[in-house]
Structures are given as C-alpha cells and as structure tokens.
Amino acid sequence: ADPPHRDQAAPVAIVSPAPPTESTTSADATAGGRRVMAWLGTTLRTDPELEAAIGYFAAHRDVITTASPETHCLGPNGTLSERLFAPNATHTPTSIFRALRAVGVRVIPQIYDEPAWNTTAILPRFEQLVAHPDPFIQAAVDLAVQEDLDGWNVDFELTSADWANITRVTEDGQRFTQFVDSFAAALQAKGKVLTVDVGTCCHWWWDAVGLNASRIDRVADMSTYKGFLDFLMSVSSALLEYRPEKIGIGFTVKNMTAGDLTGRMAVIEGLNISEIDIWEVDSEEQHQLPPAWLPFFRHFLTQ
C-alpha cells in the first residue's frame, strides 16, 4: 500500500498567465529560481507504461520542470540499490534518466525505503548505512555525474515496526540529519543538489532544526497533501521550522475544488515558496495533472 500520508485528496481551477521561460541559470529550476518536481512512478511498471510516462513529462515540460523517477532504494546492508520494474521490463534506471534528459527534463531520482513498498522496517538497514556511509554516498555521486543528473531525492519513511522503539527512532533521526548533511555536501561539490522528503510531524525522525541547519538544498513537505485547513496548518508549521527557500510544498494528483486550488496557489505565491512537489505522475490518466492545474503552474514558474 502507499504510505499513509499520501492517500489524501487534493484540488482544481482556472487562470491564464504568460508562458514560462527556459532556464539559463539554475541547474534544477527555472531562471526565476522556481521548480515543479513530480515523482515519476516506476515501481513494477512495464516498458509501455514507462515510455508513456516519459512521453507525458516531455509533453508537459512547461509545467513540470523536473522528474524524480522512483528508481532507487536503500538496499541490503545499507547499499544503494535499484527498485523493481515489471518482471519483463527492459528499461533500466539509466535508460529512463537518458530518455528524460533527451527531451529536456531535469532529473533528480528518488531513493526510497526498499525495492517495492515500505512494508519492512528501514532502521536496521539505515543503521548499516550510517555505520559506513561513504560507499553509498560515493556510488550516488558517481551515478549523478556519470548520467548528468541534477541530484538526488531521499525519501526514507518509517514503518510501524520502526516506531516500536521511540528512543531508537530519535537517535537514528539525529544520524539521518548527519547523513543527509554529508550526502548534500558531496553532491554540491559536483554541482548537484539534494532534496529530502519530510513531514511537519514525526520530529523524532525528521529533525526540523537539524535539517534546516544542514546543507540539504530543499525539503519536500508531504504533510501538505491533505485538505485545505490541514494544508494551511502544515505550511504554517513548515515556515516555523525551515527557511522559506528550503521549502517545497507537496501536492497529490487528485482533483480539487477550484477554490481549494486557488487558495493553495495564493498561499504559495504569497509566501514566495519556490518549489511545488507532486506525488506521483505516471502513464495513467488519474495520475496526471488535472487540466485546470496547468495555468496555475505556468504562472508559478514565470514569476
């Protein structure tokens, strides 16, 4: 099943601004410093599904600047591993990266909990990772350089088995902050970025004070997937915890009311938030941007 914070509804509307401009400055955003990143669903997908998803990103480069293919995970013994595609798929993470790059889409792949869904405890593998983080970090940096990626996105989410020991979670949360700080520094030395998916709850694991002070480039707030009032509360919490330039606001690809979407975009624009993160986009129509969102995102990217 999908992570529990990712099954909430989200909103729709209309407005008609000017078209966005191509980037000439930032490695991962528009010339105005803004980015719309969408996670590209790859898990257990077939070749036709993957190719259709890549085609969707190519056709919507004016509203989605960056793809985060869900291609990698924290593997056995704390290693950087590949997630599972459909058994008969011939595509690989590398072929997906290159196909997206070929059509002008920026690429920040996701590193998730495990090959399929997060059904087993992550902390044992995470503790193996932080005991010897250098091989993992070096493998990720090398792949980013080799494939001309813009960086990496880390999405380590705890399961119910992990939460059984809150002391362990708290201690490992501190180690998580130290790990992503070191990971970010290694990527930035090569001109790459690191983004981290967080919730504005669960401070035992996502230590907002530590993450805000760390060298990570952005946090993608997954708490903002919910209804509008919860969205406002989550954005308020994020602003209390993180510098505005570090905040990405999460959307889910589910229909909203016109008022809901208008309200969310007004909040984002009013606070000068520079990133929107969308979970998740793939080949299925119900997992693609509602047409009423497109003018709003174009306007966001041109400001």
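Rules behind the numbers
- Residues numbered from 1 in each chain as written.
- Predicted model: local features only at pLDDT ≥ 70, side-chain atom pairs only at ≥ 80, totals over all residues.
- Heavy atoms only, no water.
- Helix = DSSP H or I, 4+ residues; strand = E, 2+ residues; numbered from the N terminus.
- Expected span 1.5 Å × (residues − 1).
- Buried < 20%, exposed > 50% of the residue type's maximum accessible area, 1.4 Å probe, protein only.
- Arc of directions from axis to C-beta.
- Pairing = 2+ DSSP bridges.
- Right-handed = clockwise from strand over helix to strand, strands pointing away.
- Patch = residues over 30% accessible without salt bridge, like charges linked within 9 Å, V, L, I, M, F, W, Y side chains within 5 Å.
- Areas by Shrake-Rupley, 256 points an atom, 1.4 Å probe, with all protein chains shown as cover.
- Salt bridge = Lys/Arg side-chain N within 4 Å of Asp/Glu carboxyl O.
- Core = buried A, V, L, I, M, F, W, Y, C linked by side-chain atoms within 4.5 Å.
- Contact = heavy atoms within 4.5 Å.
- Axes fitted to C-alpha atoms, helices over the stretch in contact; angles between N-to-C directions.
- pLDDT = per-residue confidence, 0-100.
- Phe/Tyr/Trp six-rings, centres within 6.5 Å; stacked < 30°, edge-to-face > 60°.

Now for helix α4 (residues 134-146). For α4, which comprises 13 residues, the first-to-last C-alpha distance of 18 Å matches the rise-based estimate of 18 Å (1.5 Å per residue) to within 8%. Here α4 has its buried residues at Phe136, Ile137, Ala140, Val141, Leu143 and Ala144. Down the axis, α4 shows its buried residues gathered within 160° of arc, on one side only. Of the exposed residues in α4, the ones pointing more than 90 degrees away from its buried face are Asp134, Pro135 and Gln146.

This paragraph deals with the environment of Pro133. In this structure, Pro133 sits in the loop between α3 (123-131) and α4. With a relative accessible area of 23%, Pro133 lands in the partly exposed category. Along the chain, Pro133 and Phe183 lie 50 residues apart, while their C-alpha atoms are 8.7 Å from each other.

In this section: the pairing of strand β7 (residues 151-154). The side-chain alternation of β7 yields two buried faces, one formed by Gly151 and Asn153 and the other by Trp152 and Val154. Alignment of strand β6 (residues 110-112) against β7, held across two bridges, turns out to be parallel. From the neighbouring strand, Ile111 faces β7, where its bridge partner is Val154. Where β7 and strand β8 (residues 193-198) come together, four bridges link them in parallel fashion. Bridge assignment links Asn153 to a residue of β8, and that residue is Thr195. Note on the crossover from β7 through helix α5 (residues 166-188) to β8: the handedness is right-handed.

What follows deals with a nonpolar patch on the surface. Side chains of Trp163, Ile166 and Trp204 sit close together on the surface and give an oily, nonpolar patch of about 290 Å² of accessible area. Among the secondary structure elements, Trp163 is positioned in the loop between β7 and α5.

Now for the nonpolar core. In this structure, Phe156, Phe183, Phe251, Leu289 and Phe297 are the most contacted members of the largest nonpolar core, which totals 84 residues. Looking at this core element by element, the count peaks at seven residues for α5.

Moving on, we get to the sheet that holds strand β3 (residues 72-74). Within the open sheet, the eleven strands sit side by side as β4-β3-β6-β7-β8-β9-β10-β11-β1-β2-β5. Their pairing is mixed. Looking at the sheet topology across the chains shown, the edges are occupied by β4 (80-82) and β5 (106-107). Of the pairings in the sheet, the one linking β8 to strand β9 (residues 218-221) comprises four bridges and is parallel in character. If you follow Val198 over to β9, its bridge partner there is Asp221. Each of β1 (35-40), β2 (66-69) and β11 (275-281) touches helix α1 (residues 47-59); the most contacted strand, β1, lies at about 170° to it. Here helix α9 (residues 294-302) sits on the sheet and contacts β1, β10 (247-252) and β11; the angle it forms with β1, its principal contact strand, is near 130°.

Our next topic: the confidence of the model for the protein chain. On average, the protein chain scores 88 in pLDDT, and the residues at 70 or more come to 89%. Here residues 1-27 scores under 50 on pLDDT; set against residues more than four positions off or in separate chains, the count is 82 contacts.

Under the counting rule described, the total for this entry stands at 13 aromatic pairs. On the basis of an interplanar angle of 70° and a centroid distance of 5.5 Å, the ring pair of Phe251 and Trp293 is categorised as edge-to-face. Here the residue Phe251 occupies a position in strand β10, and Trp293 occupies one in the loop between β11 and α9, the gap between them amounting to 42 residues. On the accessibility criterion, Phe251 (1% relative accessible area) is buried.

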